[in-house]
Amino acid sequence: MSSSDYRAVNRIKDILDFTTGIILLVVSLVLALYLVPNHIGEPPIMQNPMMSPRWLPNIVSWLMLAFSVLLILQGLLVADKNESDERKFIKGSLRRFVIMVIAFLVYVLFFETLGAILTGILATVLLFLAHPVRTWWVYGFAVAFPVGVTLLFVNVMNVPLPLMPY
Amino acid sequence: MENLNEVLQLFLSIDNFIAIALGVVIGVTVGSIPGLTATMAVALALPFTFSMQPVAAILLLVGIYKGGMYGGSITAILIRTPGSPASACTLLDGYPMAQQGHAKKALKTALFSSVIADFISNIALIFFAAYLAKIALNFGAPEFFWLICFSLTIIISLASGSMVKGLLAALMGILLSLVGLDSVFGSQRLTFGNYNLMDSISFIPLLIGLFAIPEIIEFYRKKVVPHIKAKASGAGMTLAELKRCMKSIVRGSLIGVIIGAIPGTGATAAAFISYSDARRRSPNRDNFGKGEVEGVAAAEAGNNGVAGATLIPLLSLGIPGDVITAIILGAFMVHGLTPGPIMFQENLSLIYALFLGIMLSSLILLVVGNAAIKYFSLIADIPKSILFPIVLMFCIYGAYAVNNATFDIWLMLAFGVVGYLFNRTGIPAAPFLIGFILGPMFEDNLRRSLLIGNGDLSIFVRGPITWFFIAITFGSIAFALYRFFQARKQASNARQLNNG
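Residues numbered from 1 in each chain as written. Chains lettered and ligands numbered in written order. Predicted model: local features only at pLDDT ≥ 70, side-chain atom pairs only at ≥ 80, totals over all residues. Heavy atoms only, no water.

This paragraph deals with the interface of chain B and chain A. Each partner contributes to the interface: chain B provides 68 residues, whereas chain A provides 72 residues. For the pairing of chain B and chain A, the buried interface totals around 6300 Å² over both sides, and the portion due to carbon and sulfur atoms is 76%. It is Tyr 220, Arg 221 and Tyr 397 of chain B in chain B that bury the most area against chain A; as a group they hold 13% of the surface buried on that side. At the junction of chain B with chain A, the criterion picks out one salt bridge. Of the charged contacts, one joins Lys 165 of chain B and Asp 17 of chain A as a salt bridge, the two residues approaching to 2.6 Å between their closest N and O atoms. At the junction of chain B with chain A, the criterion picks out twelve residue pairs in polar contact (both at pLDDT 80 or more). For the side of chain B that touches chain A, the elements supplying multiple residues, two or more each, are α8 (163-177), β2 (188-189), α10 (213-221), α18 (384-403), α19 (406-425), α20 (429-452) and α21 (464-499) of chain B. Top contributing element to the side of chain B that touches chain A by residue count: α18 of chain B, with twelve residues. Among the residues making up the side of chain B that touches chain A, the classes are represented as 43 nonpolar, 14 polar and eleven charged. (Contact = heavy atoms within 4.5 Å. Buried area = accessible area lost by both parts, 1.4 Å probe. Salt bridge = Lys/Arg side-chain N within 4 Å of Asp/Glu carboxyl O. Polar contact = N/O pair within 3.5 Å; in protein donor to acceptor, adjacent residues only side chain to side chain. Helix = DSSP H or I, 4+ residues; strand = E, 2+ residues; numbered from the N terminus. Nonpolar A, V, L, I, M, F, W, Y, C, P; charged D, E, K, R; others polar.)

When pLDDT drops low, the exact placement of atoms in the prediction is not to be read closely. On average, residues of chain B score 82 in pLDDT, and 91% of them are at 70 or above. Per-element mean pLDDT across chain B ranges from 77 in helix α1 (residues 2-11) of chain B up to 92 in α19 of chain B. (pLDDT = per-residue confidence, 0-100.)

Let's shift gears to the side chain of Asp 408 of chain B. Residues and elements named next belong to chain B. Within the secondary structure, Asp 408 is located in helix α19. Although Asp 408 is buried, it makes no salt bridge; Arg 189 carries the closest opposite charge, 18 Å away. Apart from residues lying up to four places away in sequence, Asp 408 is in contact with Ser 202, Pro 205, Ala 399, Val 402 and Asn 403. (Buried < 20%, exposed > 50% of the residue type's maximum accessible area, 1.4 Å probe, protein only. Lys, Arg positive; Asp, Glu negative; His and termini not counted.)

Residue and element names in this part refer to chain B. Two numbers describe how helix α11 (residues 239-261) lies on helix α13 (residues 293-309): the axes approach to 6 Å, and their chain directions differ by 30°. Once α11 is placed against α13, the crossing between them reads as right-handed. Across the interface between the two elements, Arg 244, Cys 245, Ser 248, Ile 249, Gly 252, Ser 253, Gly 256, Val 257, Gly 260 and Ala 261 from α11 touch Val 293, Glu 294, Ala 297, Ala 298, Ala 301, Gly 302, Gly 305, Val 306 and Ala 309 from α13. Considered class by class, the residues forming the contact of α11 with α13 number ten nonpolar, seven polar and two charged. (Axes fitted to C-alpha atoms, helices over the stretch in contact; angles between N-to-C directions. Left-handed = near helix turned anticlockwise from the far one by under 90°.)

Looking now at the pattern of salt bridges. Pairing of side chains with opposite charge becomes possible as their charged atoms draw close. One pass over the full model with this rule turns up 16 salt bridges over all chains. Between Arg 54 of chain A and Glu 42 of chain A there is a salt bridge whose closest N-O contact spans 3.4 Å. Here Glu 42 of chain A lies in the loop between α2 (15-39) and α3 (55-77) and Arg 54 of chain A lies in the loop between α2 and α3, a separation of twelve residues in the sequence. We classify Arg 54 of chain A as partly exposed; its relative accessible area is 23%. Ionic pairing is found between Arg 462 of chain B and Glu 143 of chain B, a salt bridge with its closest N-O pair at 2.9 Å.

Here's what the structure looks like:
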């Protein structure tokens, strides 16, 4: 990075607000110029344009665009130290995070094929290993809770869940 | 008399009593565990209420709400970690008291003032909700349109942190609420041909995703922090101390009631206003911030005075006062009920059965709260490494149970990522949720007004009620701008002082 680039970055008081503003600006532009005109159907005849299914999404998209610009300006001009302290944290190991993502995927990919109990056990064991939980008997919870909660949902609360592998 | 019989029939069911007690226990338990919030607990409990009777279902959620409000103060006092933002004020005096060996006294003070404030708030709810609903019966679509505009402005303007981010969050919420089939023309809006989206985005996966999943992601993303153990030791609160605090408790409760009745203001503001009011009036004002029992009482009275009062706009006008009442509104909808003035005409017995249950919840809070003080160390010592995998399981089961579709699990996880990004970028989730709920109401009342007025825009200024709402809407915007520029001025003055 050249020294002029560094100077440009230093001029931005809050880089996170600035970046968020840019991303939201792009999103609102896509919404206003592409998604709303192409993915919201409109009846051919309408007495009042304010009755159109596109009217409110259009207004909201343009307002989002305007406020994204304001957020960019806020990022350029205002440094909010208190807020940035809250937003920052010390990152943990990547391994824990990756195992958490795998546990999420286990739920979404196998919930219906393996059933609620087996996916529950599998994902909970994975998350215990991610931390890792070192007390062996705690792993009993990874079996007891999915079984107990599934049966509670299905038999007591009458909320259907896939029980067993299909 | 016939109504009374019906009310008692609805209320005197064992299910209702179990629901209230269970709700308060869950609320206090969750509230007393740092990292878990009452909002998360209410969102997770919502799928469990699908098969319950409406009264028991709502009472379960209200019980969690009230229990959570008190539970948040336990960690604030013992380990200087407020369980909810509203309990932040309690730690100002509660934690120093715990440090001085008076943890039990602080916890008892918090409990008694919470219960008294909750009771006063419930009385206000019973008196004002019916009265307000009676007035609201005169409202038509244009009046409701302006009422929703007012609710949107006040919620956004009081969003913590940046006003711009609050507005952006609310706009995103409104936009997402419009996904699905258009209610008037039936045309598809941003569904991309996906039949799962035709009936709009499901409320429960959005809710769970937004408020529970980000905590889980953050836990696995963050560096592991050591688990802090806490103990509630020392003597309890004496009657003389309770008497001394009584004025502050009553004043704080009334402050909570007034603030809670205004949509969007929230318990945090009430707690701090009540605290500063008590500090100003107390003969022991110099001891505030150093472990003053009156400080704990005032903060807790302010924050719990809000709980019943936030239900006033919800029940009488159908407008959620805060995030938790927005979830409770969702529960009403799940059970085919629409809160508002019409409900007071069509389901009066149900409303009075709810009122009885809400009154009972104050009493149960006293019993459960006492037990929580005793057995707190057991509850708070559950490590998050065990807790969060189980919470995630509840999230997944709850999201799936809505439509029996894996799509909702995807949706929930996607909103979880959105919620996590919101946390990281400082965008508040509350205006997003309120925007999501009020968006369709806004559009619906706008269109109905246009249809009633045959497209003539003068219908929006048709009488004194609309003028009143227009005035308070613009007043609210002006107040928000004033607060914004005042805060900027104060920050710049502080910077100049630091530099000079």
